[in-house]
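An overview of the molecular structure
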Amino acid sequence: MEKSLKVVKPKFPTASAPLAQRVDDVLDIWDGTSQDSNNDGVLDECECFADVNGDGAGNVLDILMLLENWGQTGPIGDTTNDGTVNVDDILYILDNWGACT
Ligand SMILES: [Ca+2]
Ligand SMILES: [Ca+2]
Ligand SMILES: [Ca+2]
């Protein structure tokens, strides 16, 4: 399976990011350079949506946690941020399998 090309940027916590970086992020969202699909102020390319349990990787543990929340509205397990935990979220984890970058 060929992996899609991903923009690799360093991950950073919003609260401790320098003000200039946070302003840059807001501008990126505003001008359409970047998306913030879950609206938490952290750019999508800086997040790891496949990592449901927060251990730094997308793997079978995340799928198990997703299954515990099957059919719910999220946010736990809703890796696609569409308000439903379903097969699309499992496919997202499979597409983004492995350590978060
Ligand atoms: Ca975000
Ligand atoms: Ca994980
Ligand atoms: Ca979803």
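All of the points below concern the structure found in this document. The model shown is predicted, which means the values in this text are computed figures rather than measured ones.

The next thing to look at is the overall build of the protein. Broken down by element type, the protein carries three helices and two strands. Along the protein, helices (α) and strands (β) appear in the sequence α-β-α-α-β when read from the amino end. Within the protein, the proportion of its 101 residues that are buried is 16%. Considering only intrachain contacts with a sequence separation of at least 6, the fraction spanning at least 24 residues in the protein is 42%.

When a protein is soluble and globular, its nonpolar side chains tend to lie buried together. The biggest cluster of nonpolar side chains holds six residues, and these are Phe49, Ala50, Val52, Leu66, Val85 and Ile93. Among all residues touching Val52, those that are not within four sequence positions of it are Asp62, Met65, Leu66, Ile76, Gly77 and Thr79.

The subject of this paragraph is the environment of Val60. The topology assignment puts Val60 in helix α2 (residues 60-68). For the pair Val60 and Ile90, spaced 30 residues apart in sequence, the C-alpha to C-alpha distance is 9.7 Å.

Calculation notes
- Residues numbered from 1 in each chain as written.
- Chains lettered and ligands numbered in written order.
- Predicted model: local features only at pLDDT ≥ 70, side-chain atom pairs only at ≥ 80, totals over all residues.
- Helix = DSSP H or I, 4+ residues; strand = E, 2+ residues; numbered from the N terminus.
- Buried ≥ 20, exposed ≤ 12 C-beta atoms within 10 Å, placed from the backbone.
- Contact = placed C-beta atoms within 7 Å.
- Core = buried A, V, L, I, M, F, W, Y, C linked by C-beta atoms within 7 Å.

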